[in-house]
Amino acid sequence: MDWKIIRELQNNGRISNVELARRVGLSQSPCWTRVKNLEDRGIITGYHAAIDQRALDRPETMIVQVTMEKHADGSMADFETAVRGLPEVFEASVIAGEFDFQLKVSLHDTTEYEQFLRKKLYQIPGIRNVRSVLLIRDILKKE
(Lines give C-alpha, C1' and ligand atoms only; values in the text may rest on other atoms or scores of the structure.)
Protein backbone atom coordinates (compact mmCIF):
# COMPACT_ATOMS: atom_id res chain seq x y z
CA MET A 1 0.00 0.00 0.00
CA ASP A 2 2.86 2.39 0.79
CA TRP A 3 4.27 1.84 -2.72
CA LYS A 4 0.90 2.75 -4.25
CA ILE A 5 0.84 5.95 -2.20
CA ILE A 6 4.43 6.80 -3.11
CA ARG A 7 3.78 6.25 -6.83
CA GLU A 8 0.69 8.47 -6.77
CA LEU A 9 2.55 11.22 -4.90
CA GLN A 10 5.46 10.99 -7.34
CA ASN A 11 3.02 11.58 -10.18
CA ASN A 12 1.20 14.41 -8.38
CA GLY A 13 2.51 15.75 -5.09
CA ARG A 14 -0.40 18.18 -4.84
CA ILE A 15 -3.12 15.53 -4.95
CA SER A 16 -5.69 15.90 -2.19
CA ASN A 17 -5.86 13.25 0.51
CA VAL A 18 -9.43 12.48 -0.60
CA GLU A 19 -8.30 11.76 -4.17
CA LEU A 20 -5.16 9.92 -3.04
CA ALA A 21 -7.22 7.67 -0.77
CA ARG A 22 -9.66 6.96 -3.62
CA ARG A 23 -6.85 6.07 -6.05
CA VAL A 24 -5.06 3.69 -3.67
CA GLY A 25 -8.22 2.10 -2.28
CA LEU A 26 -8.14 3.37 1.32
CA SER A 27 -10.42 5.53 3.39
CA GLN A 28 -9.18 9.06 4.08
CA SER A 29 -7.97 8.66 7.65
CA PRO A 30 -5.75 5.58 7.12
CA CYS A 31 -4.39 7.14 3.93
CA TRP A 32 -3.43 10.36 5.74
CA THR A 33 -1.85 8.29 8.56
CA ARG A 34 0.24 6.32 6.06
CA VAL A 35 1.43 9.49 4.28
CA LYS A 36 2.32 11.10 7.62
CA ASN A 37 4.20 7.94 8.62
CA LEU A 38 6.15 7.94 5.33
CA GLU A 39 7.09 11.58 5.97
CA ASP A 40 8.04 10.95 9.62
CA ARG A 41 10.26 8.01 8.63
CA GLY A 42 12.06 10.16 6.08
CA ILE A 43 10.84 8.14 3.11
CA ILE A 44 8.98 11.13 1.71
CA THR A 45 11.43 14.00 2.09
CA GLY A 46 9.53 16.76 0.33
CA TYR A 47 7.28 17.81 -2.51
CA HIS A 48 8.64 19.45 -5.63
CA ALA A 49 7.39 21.15 -8.75
CA ALA A 50 7.81 19.21 -11.99
CA ILE A 51 9.00 21.49 -14.75
CA ASP A 52 8.10 21.09 -18.42
CA GLN A 53 11.36 21.89 -20.17
CA ARG A 54 9.51 22.38 -23.48
CA ALA A 55 7.47 25.21 -21.98
CA LEU A 56 10.77 26.91 -21.07
CA ASP A 57 11.93 26.53 -24.71
CA ARG A 58 14.48 23.95 -23.58
CA PRO A 59 12.95 20.78 -25.05
CA GLU A 60 16.13 18.71 -25.34
CA THR A 61 17.68 16.79 -22.48
CA MET A 62 21.14 15.32 -22.68
CA ILE A 63 22.44 12.75 -20.23
CA VAL A 64 26.12 13.50 -19.77
CA GLN A 65 28.42 10.98 -18.13
CA VAL A 66 31.78 12.28 -16.94
CA THR A 67 34.95 10.43 -15.94
CA MET A 68 37.55 12.34 -13.95
CA GLU A 69 41.33 12.07 -14.37
CA LYS A 70 41.86 11.74 -10.61
CA HIS A 71 39.57 10.64 -7.84
CA ALA A 72 41.13 12.71 -5.07
CA ASP A 73 38.57 14.41 -2.87
CA GLY A 74 39.69 17.86 -4.02
CA SER A 75 39.19 17.30 -7.75
CA MET A 76 35.86 15.57 -7.25
CA ALA A 77 34.65 18.37 -4.96
CA ASP A 78 35.87 21.02 -7.40
CA PHE A 79 33.89 19.38 -10.19
CA GLU A 80 30.76 19.24 -8.03
CA THR A 81 31.12 22.93 -7.16
CA ALA A 82 31.58 23.88 -10.81
CA VAL A 83 28.54 21.88 -11.91
CA ARG A 84 26.34 23.57 -9.29
CA GLY A 85 27.08 26.85 -11.08
CA LEU A 86 25.87 25.66 -14.49
CA PRO A 87 22.22 26.66 -15.02
CA GLU A 88 21.76 24.14 -17.85
CA VAL A 89 22.36 21.26 -15.42
CA PHE A 90 19.15 20.37 -13.61
CA GLU A 91 20.23 17.05 -12.12
CA ALA A 92 23.67 15.78 -11.11
CA SER A 93 24.70 12.54 -9.44
CA VAL A 94 27.84 10.74 -8.35
CA ILE A 95 27.66 7.27 -9.89
CA ALA A 96 29.57 3.99 -9.68
CA GLY A 97 30.94 2.13 -12.66
CA GLU A 98 32.69 3.35 -15.79
CA PHE A 99 31.81 7.02 -15.09
CA ASP A 100 32.09 9.19 -11.99
CA PHE A 101 29.23 11.65 -12.55
CA GLN A 102 25.97 11.73 -14.45
CA LEU A 103 24.37 15.05 -15.38
CA LYS A 104 21.05 15.89 -16.95
CA VAL A 105 21.36 18.98 -19.08
CA SER A 106 18.42 20.97 -20.46
CA LEU A 107 18.90 22.78 -23.76
CA HIS A 108 17.18 24.38 -26.70
CA ASP A 109 18.97 22.26 -29.32
CA THR A 110 22.19 20.43 -30.14
CA THR A 111 23.91 23.64 -31.21
CA GLU A 112 23.39 25.00 -27.70
CA TYR A 113 24.67 21.69 -26.32
CA GLU A 114 27.87 22.00 -28.32
CA GLN A 115 28.38 25.50 -26.88
CA PHE A 116 27.68 24.16 -23.38
CA LEU A 117 30.36 21.50 -23.84
CA ARG A 118 33.00 23.75 -25.36
CA LYS A 119 32.52 26.89 -23.28
CA LYS A 120 31.47 25.45 -19.93
CA LEU A 121 31.88 21.73 -19.26
CA TYR A 122 35.24 21.25 -21.00
CA GLN A 123 36.57 24.26 -19.10
CA ILE A 124 36.29 22.40 -15.79
CA PRO A 125 39.72 21.01 -14.86
CA GLY A 126 40.26 17.31 -14.32
CA ILE A 127 37.81 15.81 -16.82
CA ARG A 128 39.19 12.77 -18.66
CA ASN A 129 36.16 11.62 -20.65
CA VAL A 130 32.60 12.74 -21.46
CA ARG A 131 29.85 10.64 -23.01
CA SER A 132 26.57 12.17 -24.11
CA VAL A 133 23.21 10.53 -24.67
CA LEU A 134 20.12 12.30 -26.01
CA LEU A 135 17.04 11.57 -23.89
CA ILE A 136 14.16 10.89 -26.29
CA ARG A 137 11.28 10.35 -23.87
CA ASP A 138 10.75 9.62 -20.16
CA ILE A 139 8.52 6.52 -20.08
CA LEU A 140 7.48 7.00 -16.42
CA LYS A 141 6.47 10.64 -16.81
CA LYS A 142 2.77 11.20 -17.33
CA GLU A 143 2.14 13.22 -20.48
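As a reminder, the structure under discussion sits directly above these lines.
Reading the values: rules and limits
- All residue numbers here refer to positions counted from 1 along the written sequence of the relevant chain.
- The predicted origin of the model limits local features to residues at a pLDDT of at least 70 and limits the giving and counting of side-chain atom pairs to 80 or more, whereas totals for whole chains, interfaces and linings rest on all residues.
- Hydrogens and water molecules were not included; the side-chain quantities draw on all heavy atoms of the structure.
- Per the convention used, a helix needs a DSSP run of H or I reaching at least four residues, while a strand needs a run of E reaching at least two, with both numbered from the N terminus.
- In this treatment the radius of gyration is a C-alpha quantity, and the globule benchmark scales as 2.2 Å times the residue count to the 0.38 power.
- Note on classification: 1.4 Å probe, protein chains only; a residue is buried when its accessible area is under 20% of the maximum for its type, exposed when over 50%, partly exposed between these limits.
- If DSSP finds at least two bridges between two strands, the strands pair.
- Axis lines are fitted through C-alpha atoms, for helices just across the contact stretch, and the angle between N-to-C directions can take any value from 0 to 180 degrees.
- Contacts are assigned to residue pairs with any non-hydrogen atoms lying within 4.5 Å of each other.
- Throughout, the arc means the angular range of directions from the helix axis out to the C-beta atoms.

Describing the overall build of the chain
Okay, step 1: For the chain, the count of helices and strands is 5 helices and 4 strands.
Okay, step 2: Counting helices and strands in the order they occur from the N terminus, the chain gives α-α-α-β-α-β-β-α-β.
Okay, step 3: Radius of gyration (C-alpha) of the chain: 19 Å, far over the 15 Å computed for a compact globule of 143 residues.
Okay, step 4: Its C-alpha atoms give the chain principal-axis dimensions of about 55 × 35 × 25 Å.
Okay, step 5: Here the chain, with 143 residues, has 29% of them falling under the buried criterion.

Some thoughts on the sheet that holds strand E4 (residues 127–135)
Okay, step 1: Spatially, 4 strands are ordered E2-E3-E1-E4 in an open sheet, and the strand pairing comes out antiparallel. For this open sheet the edge positions go to strand E2 (89–94) and E4, each flanked by a neighbour on one side alone. Averaged over all neighbouring strand pairs, the angle between strand axes comes to 20 degrees, with direction disregarded.
Okay, step 2: The sheet strands contacting helix H4 (residues 73–84) are strand E1 (60–68), E2, strand E3 (101–107) and E4, and the helix crosses E3 at an angle near 15 degrees.
Okay, step 3: Set on the sheet, helix H5 (residues 110–119) makes contact with E1, E2, E3 and E4; between it and E3 the angle comes to about 135 degrees.

Some points on helix H2 (residues 17–24)
Residues spaced three or four apart along an α-helix point in a common direction, a consequence of the helix completing one turn every 3.6 residues.
Okay, step 1: Listed as buried for H2 are Leu-20, Ala-21 and Val-24. The arc that holds the buried residues of H2, viewed along the axis, is 100 degrees, so those residues lie on one side.
Okay, step 2: Count one or two residues on from H2 and you reach Gly-25, which has phi positive near 85 degrees.

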